[in-house]
Amino acid sequence: MALLNQSIPRWFNSIKLNSFITSTQHRNCFLRPGKTLLHEFSAQPWMSSDNFFLQWGFKTYRTSSIWNNSSQSTILIRQEINSAQDTMLSSVNEQALKTQKIPNFDSELSLEGLDIVPPLSPLQPISEEEAVQILADPPLPPVSFTLRDYVDHSETLQKLVLLGVDLSKIEKHPDAANCLLRMDFEKDIKQILLFLKDLGIEDKQLGPFLTKNYAIFSEDLENLKTRVAYLQSKNFNKADITQMVRNAPFLLNFSVERLDNRLGFFQKELELSAKKIRNLVVRLPRLLTGSLEPVKENMKVYRLELGFKRNEIQHMITKIPKMLTTNKRKLTETFDYVHNVMSIPHHVIVRFPQVFNTRLFKVKERHMFLTYLGRAQYDPAKPNYISLYKLVSMPDEVFCEEIAKASVQDFEKFLKTL
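Residues numbered from 1 in each chain as written. Predicted model: local features only at pLDDT ≥ 70, side-chain atom pairs only at ≥ 80, totals over all residues. Heavy atoms only, no water.

This structure, assessed with the given rule, holds eight aromatic pairs. Taking the centre distance of 5.4 Å and the plane angle of 50° together, the rings of phenylalanine 369 and phenylalanine 414 count as tilted. Of this pair, phenylalanine 369 sits in helix 20 (residues 360–373) while phenylalanine 414 sits in helix 23 (residues 408–416), and the two are 45 residues apart along the sequence. By relative accessible area, which is 2% here, phenylalanine 369 ends up buried. Classification of phenylalanine 414 as buried rests on a relative accessible area of 12%. Taken together, the ring pairs in this structure connect Phe369, Tyr372, Phe399, Phe411 and Phe414 into an aromatic cluster. Positioned over the ring face of phenylalanine 399 is arginine 366, at 4.6 Å from the centre of the ring. (Phe/Tyr/Trp six-rings, centres within 6.5 Å; stacked < 30°, edge-to-face > 60°. Helix = DSSP H or I, 4+ residues; strand = E, 2+ residues; numbered from the N terminus. Buried < 20%, exposed > 50% of the residue type's maximum accessible area, 1.4 Å probe, protein only. Lys NZ or Arg CZ within 6 Å of the ring centre and 35° of its normal.)

Below is the structure:
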């Protein structure tokens, strides 16, 4: 019986110790929610189980007290309870110290961010020394009369300059300059450059071409390809198209309908075959891009004022296409001097239409020098015949040696007397 009395209180004390530690852990968890939890658990089952064991142990203790009413047993029990409580308090204190020693990783992570210096606020005052050390790009001018102010800030303008584009000519057109500033090189310009390269425009020709036809960047790429395909359908080969685009940069800016109307007009007005029309347009592609009014006016001048027949006009313009766009005054003055002063008939002029493509003062100077030497003879049926082609096409040295039979110094001295 004595052994039973000693074992029951020890077992009861161990149960009370476990229950007190568990309740202390619950209280620490709910009263200090900011601390990191070392274990996850549910509070309700532990509390119910502890109450059960407490009640069972209390009943057992009461039963044992009835069995043994001696004061010695009571003293022993109290001593054991006190020693158990002291042990329990020491273990709780050790547990609290361990909990305080556990590092808080959230706080450590937050402290790491303090090492990063936040950026300065634009409103934060700084000293004059710091202000002098600040390097800032010059601001873009809101309004400018030259593209030079924007070249350092625009990749598009920089690459156009490298290609040889003369921005000083483009900036004379404010709308075109503003359009270039808004364009992206990779998105808006690169594909046009590749298209021109495929067409046969060389690198050294891109600069002059784009300087004249900067508006091509506003054209849709598919429309440009469609216009090239139309010219190919009219039996213009790639070399012909390349030559036409190079000599008339605005050619591809015109729609297919307009190109078709121009070709139809020349075929109807000049009454030439399709092959001769192609040859005419390839040699002078400005016929497709320029105004038609000079062409219409010159055709009337040749027929009505100068007295040439239609077949003679066809012969002359197939040799010198520029005669279709030559200034009317120049045509009439040249014809008047050659036909009326030099006494050269129509059929001879038709054979050498290059005379209409020559500066009139050059024709006058050489004719007057030959007249001074007595060698101005332009009739093919007579000896010492001098053709109009040699008269207007040869350089001064050859003209003096082969035609005038004189030295260049003699020719220059004669010109000083005029």
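So, next bit.
The subject of this paragraph is the confidence of the model for the chain. A residue-level look at the chain finds 68% of positions with pLDDT of 70 or above and a mean pLDDT of 77. Per-residue pLDDT stays below 50 along residues 1–9; that stretch engages in eight contacts with residues further than four places along the chain or on separate chains. Throughout residues 96–114 the model reports pLDDT below 50, and contacts reaching past four residues in sequence, or to other chains, amount to three contacts. (pLDDT = per-residue confidence, 0-100. Contact = heavy atoms within 4.5 Å.)

Here the structure, examined in full by the defined rule, presents 11 salt bridges. Of the charged contacts in the structure, one is a salt bridge between arginine 227 and glutamate 219, with a shortest N-O distance of 3.2 Å. (Salt bridge = Lys/Arg side-chain N within 4 Å of Asp/Glu carboxyl O.)

Attention shifts here to the environment of histidine 339. Within the fold, histidine 339 resides in helix 18 (residues 328–341). A relative accessible area of 23% means that histidine 339 is categorised as partly exposed. The spatial distance from the C-alpha of histidine 339 to the C-alpha of leucine 306 is 9.7 Å, given a sequence separation of 33 residues. Not counting chain neighbours up to four residues away, the residues in contact with histidine 339 comprise Ile344, Pro345, His346 and Ile349.

Before going further, it helps to spend a moment on the nonpolar core. Grouped together as the largest cluster of nonpolar side chains are 93 residues, with contacts concentrated most on Leu196, Phe217, Leu270, Phe308, Met342, Phe356 and Phe399. Looking at this core, the element that brings in the most residues is helix 9 (residues 185–199), giving seven residues. Beyond its immediate chain neighbours, meaning those up to four positions away, leucine 196 contacts Ile201, Leu206, Phe209, Leu210 and Ile216. (Core = buried A, V, L, I, M, F, W, Y, C linked by side-chain atoms within 4.5 Å.)

Let's shift gears to the environment of leucine 180. Within the fold, leucine 180 resides in helix 8 (residues 174–182). C-alpha of leucine 180 to C-alpha of serine 154: the two residues are 26 residues apart in sequence and 9.6 Å apart in space. Excluding residues within four positions of it along the chain, leucine 180 makes contact with Thr156, Leu157, Leu160, Ile170 and Phe217.

Once that is clear, we can look at the environment of serine 233. Positionally, serine 233 belongs in helix 11 (residues 221–233). With a relative accessible area of 49%, serine 233 lands in the partly exposed category. A polar atom in the side chain of serine 233 sits 2.4 Å from the backbone oxygen of tyrosine 230. (Polar contact = N/O pair within 3.5 Å; in protein donor to acceptor, adjacent residues only side chain to side chain.)

Take a positive patch on the surface next. Together, Arg286, Lys322, Lys330 and Arg359 line one region of the surface with positive charge. You can see arginine 359 is positioned in the loop between helix 19 (346–351) and helix 20. With a relative accessible area of 54%, arginine 359 lands in the exposed category. (Patch = residues over 30% accessible without salt bridge, like charges linked within 9 Å, V, L, I, M, F, W, Y side chains within 5 Å. Areas by Shrake-Rupley, 256 points an atom, 1.4 Å probe, with all protein chains shown as cover. Lys, Arg positive; Asp, Glu negative; His and termini not counted. Charge placed at Lys NZ, Arg CZ, Asp CG, Glu CD.)

Looking at helix 6 (residues 155–163), one finds that the buried residues are Thr156, Leu157 and Leu160. For helix 6, the angular spread of buried residues about the axis comes to 95°, placing them on one side. On the buried face of helix 6, the contacting elements are helix 7 (167–170), helix 8 and helix 9. Glycine 164 occupies a position one or two residues after helix 6 and carries a positive phi of about 100°. (Arc of directions from axis to C-beta.)

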